[in-house]
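So you can see what is in the structure, the chains are spelled out below.
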Amino acid sequence: MSDMTGADLVDLDLSADTKEAAARALAERMAARGRVTDLEGFLADVAAREAQLPTGLDGGIGIPHCRSEHVTAPTLAFGRSARGIDFGAADGPADLVFLIAAPAGADDAHLTILSSLARQLMNAEFTDALRAVADPARAAALIRGEEPAAGDEDSAERASADGEDSVVAPAAASAVAATAPATGEPQPSAAPEPPFRIVAVTSCPTGIAHTYMAAESLENAAREAGVEIVVETQGSAGFERLDPEVIAAADGVILAHDVPVREKGRFAGKPTVDTGVKAAVNRPGELIGEVRAKAARGEATAGGAAGSAGTAAATPVERGGEPGEGYGTRLRKWLMSGVSYMVPFVAAGGLLIALGFAIGGYEIDKAPSVTDHFAWAQADSWAALFFQIGGVAFAFLVPVLAGYIAYGMADRPGLVPGFVGGSIALTVNAGFLGGLAAGLISGAVVLAVQRVRIPKALRGIMPVVVIPLISAAVVGFLMFVVIGKPIASAQEAMTDWLDGLSGANAVLLGALLGLMMCFDLGGPVNKVAYTFATAGIAVSDPSDSAMKIMAAVMAAGMVPPLAMALATTVRARLFNAAERENGKAAWVLGASFISEGAIPFAAADPLRVIPSSMVGGAVTGALSMTFDATLRAPHGGIFVVPLIGNPLLYLVAVAAGVCVTTALVVVLKGLRKQARDSVTRDPGDADPSTRTPGAKQPVSA
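Residues numbered from 1 in each chain as written. Predicted model: local features only at pLDDT ≥ 70, side-chain atom pairs only at ≥ 80, totals over all residues. Heavy atoms only, no water.

Engineer: An account of the pairing of strand β5 (residues 75-85) is needed here, citing residue identities and associated values.
Structural biologist: Among the eleven residues that make up β5, nine are buried, leaving the element largely enclosed by the rest of the structure. Looking at chain direction, strand β1 (residues 10-11) and β5 are connected through two bridges and run parallel. What sits directly across from Val10, in β5, is Phe78. (Buried < 20%, exposed > 50% of the residue type's maximum accessible area, 1.4 Å probe, protein only. Helix = DSSP H or I, 4+ residues; strand = E, 2+ residues; numbered from the N terminus. Pairing = 2+ DSSP bridges.)

Listed below in structure tokens is the structure:
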């Protein structure tokens, strides 16, 4: 540590008013010593780290720090401000500022020393001594540990033990004492209750300061609370994994991190508090209280908690959402979770079925099983093989939909009841509606089971045995006995309604589906329309109405990217260089039925692109239904045109929608350009002939 700081790197009268000025003042001292080769480059790295997470800590401490290629050796500069500098701490400005600089490839030994210093900052005697010191050399000696602060010997000893961050509470010591040989006094027959055991992980983006300060803070709070804690610091110097036996024996888990926890699955099945690293620095006692409360209630996670504020474990959907989302938003995300996992099965199975029909004709569905008869040289055998593989893939649609809706709600424990419920939906002919219901019910049942307080001895088998057993039984009962038949009746009624659509009703449905496909270009509304269409053809013998709907949906979905590609070709001056380049890719994306190819245009100009796309999509959807075009494949774009009923008229419908959208976009963008030009043009200079000869004209900078 002696070469990391010195009196020349200490400023006891730091006059800076802002954190940027403070970092610059201390960095200049580093540069003067030759530790920083490029001052501006280093300060940019410090600012980038500060932008990730404020480095102010409760107790008047600021620790700006970073790894930088402009640093030659690990260095620490210290400044003390009389007025205080705002580093983003909740309790106010910082008067003690530590600028920590580490090279991009710093070795573990140096980083371990820096981590020890970070732990010292959690020691009140250490910071009090730095506030009182009057000599820069003595301040440097305090930081180096050459002159320990009063009462700091124990903490310094703890700070040096980075390899094993373990604290045993007084309760644990008394438990050990209770096992000592009896002296003459009679010992009670009952053994003292073992201490509450916690395992924790701390990590921050840089892995230098907050990681180790959070560990020290948790250890101090655990000591005061009378619990036992072992902390795994996932810092820049690497990390030593917690002993699996220690994790197995733990009663709770605290994950304090701002970067993903490595090997998070190790903590499955434990009451878990998941929060940011600064929460562990500033309020460790509250986190310990939260995890103890969760353990008392019997709350456990299946795959490691992932919440963001130390509350209940987050599901996969919640991990990708925003805090405070309403039930409607979460319901939509749960459903989209199932749809997103189902779509690959739809695409693979549907295209294989379509390929089977293309090779073997529409009678291929009556071919015998290829396990009984397969001739390598016969095209019909290959057609039957593709068709039957596609049929098997399609058989997974409803179970996958239900399983991953439940997964979005309840994480991995929802998969078993979800898949079981989805399979039962197929068995009772409840179809996709049954799959949706089974997924939602499965997730709700698992969440309810997880809230039940259970004995500690059963917690280890909850994710593997208890939750799957109970949830599958409950969902199976509901699907077979209670709601399966009513949903099957509703599914049959919807199918009959679709079969009965004709004339104006079919055209209006096509227009509506076209509007939905072009509203958000691959978003939730688009997926609802697409799922509605694929649900109709995901059977062994889809009706004509279902195949017409599938054709209309795919045709409308091709319109936006193809229209944007055409618009950038016919009116290139209305688009910037990046949009013209995106237009080239949109030709291929649109032809392949990838609506997302229009997203760059919609994001840049939504008020003109999205309404224009919706109008064109509605025209295409209505025309496709009018022309009675049919489609058995759920995807493929123009590459499955040979499988489309009335293919020429189908292409006419697509072309009509593309032309309508292109015309609207060109007109609307042209009007905007004219309006912009009229605003920027000087009214007095409208006619160049009216200018006074020789008069100087304004020159734009």
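Engineer: Explain unusual backbone geometry to me, and be specific about the residues and the numbers.
Structural biologist: Negative phi is the rule for most residues except glycine; trans is the rule for most peptide bonds. Non-glycine residue Asp411 carries a positive phi angle of around 65 degrees. For Asp411, the position within the fold is in the loop between α15 (397-410) and α16 (415-427). We classify Asp411 as buried; its relative accessible area is 10%. With phi around 65 degrees, Asn429 is a residue other than glycine that occupies positive phi space. Relative to the helices and strands, Asn429 resides in the loop between α16 and α17 (431-450).

Engineer: Could you give me a rundown of the pattern of salt bridges, with the residues and numbers involved?
Structural biologist: For the structure shown, the criterion picks out 15 salt bridges. As a salt-bridge pair, Arg29 and Asp11 come within 3.8 Å of each other at their nearest N and O atoms. Of this pair, Arg29 sits in helix α1 (residues 19-33) while Asp11 sits in strand β1, and the two are 18 residues apart along the sequence. The partly exposed category is assigned to Arg29, whose relative accessible area is 28%. Measuring nitrogen to oxygen at the nearest pair gives 2.9 Å for the salt bridge that ties Glu40 to Arg24. Note that Glu40 is positioned in helix α2 (residues 39-52) and Arg24 in helix α1, a separation of 16 residues in sequence. Since its relative accessible area comes to 45%, Glu40 is described here as partly exposed. Note on Arg24: relative accessible area 31%, which makes it partly exposed. Sharing partners across several salt bridges, the network here consists of Asp95, Asp128 and Arg131. (Salt bridge = Lys/Arg side-chain N within 4 Å of Asp/Glu carboxyl O.)

Engineer: Describe the packing of α16 against α17, and please don't skip the residues or the numbers.
Structural biologist: Direction vectors running N to C along α16 and α17 enclose 155 degrees, while the axes themselves pass 8 Å from each other. In terms of orientation, α16 and α17 fall into the roughly antiparallel class. For the crossing formed where α16 meets α17, the hand is right-handed. Residue-level contacts link Pro417, Gly418, Gly421, Gly422 and Ala425 of α16 to Gly431, Gly434, Gly435, Ala438, Ser442 and Val446 of α17. Looking at the contact of α16 with α17 residue by residue, the classes come out as four nonpolar, seven polar and no charged. (Axes fitted to C-alpha atoms, helices over the stretch in contact; angles between N-to-C directions. Parallel < 35°, antiparallel > 145°, perpendicular 65-115°, else oblique. Left-handed = near helix turned anticlockwise from the far one by under 90°. Contact = heavy atoms within 4.5 Å. Nonpolar A, V, L, I, M, F, W, Y, C, P; charged D, E, K, R; others polar.)

By themselves, these are just geometric observations and shouldn't be taken as functional.
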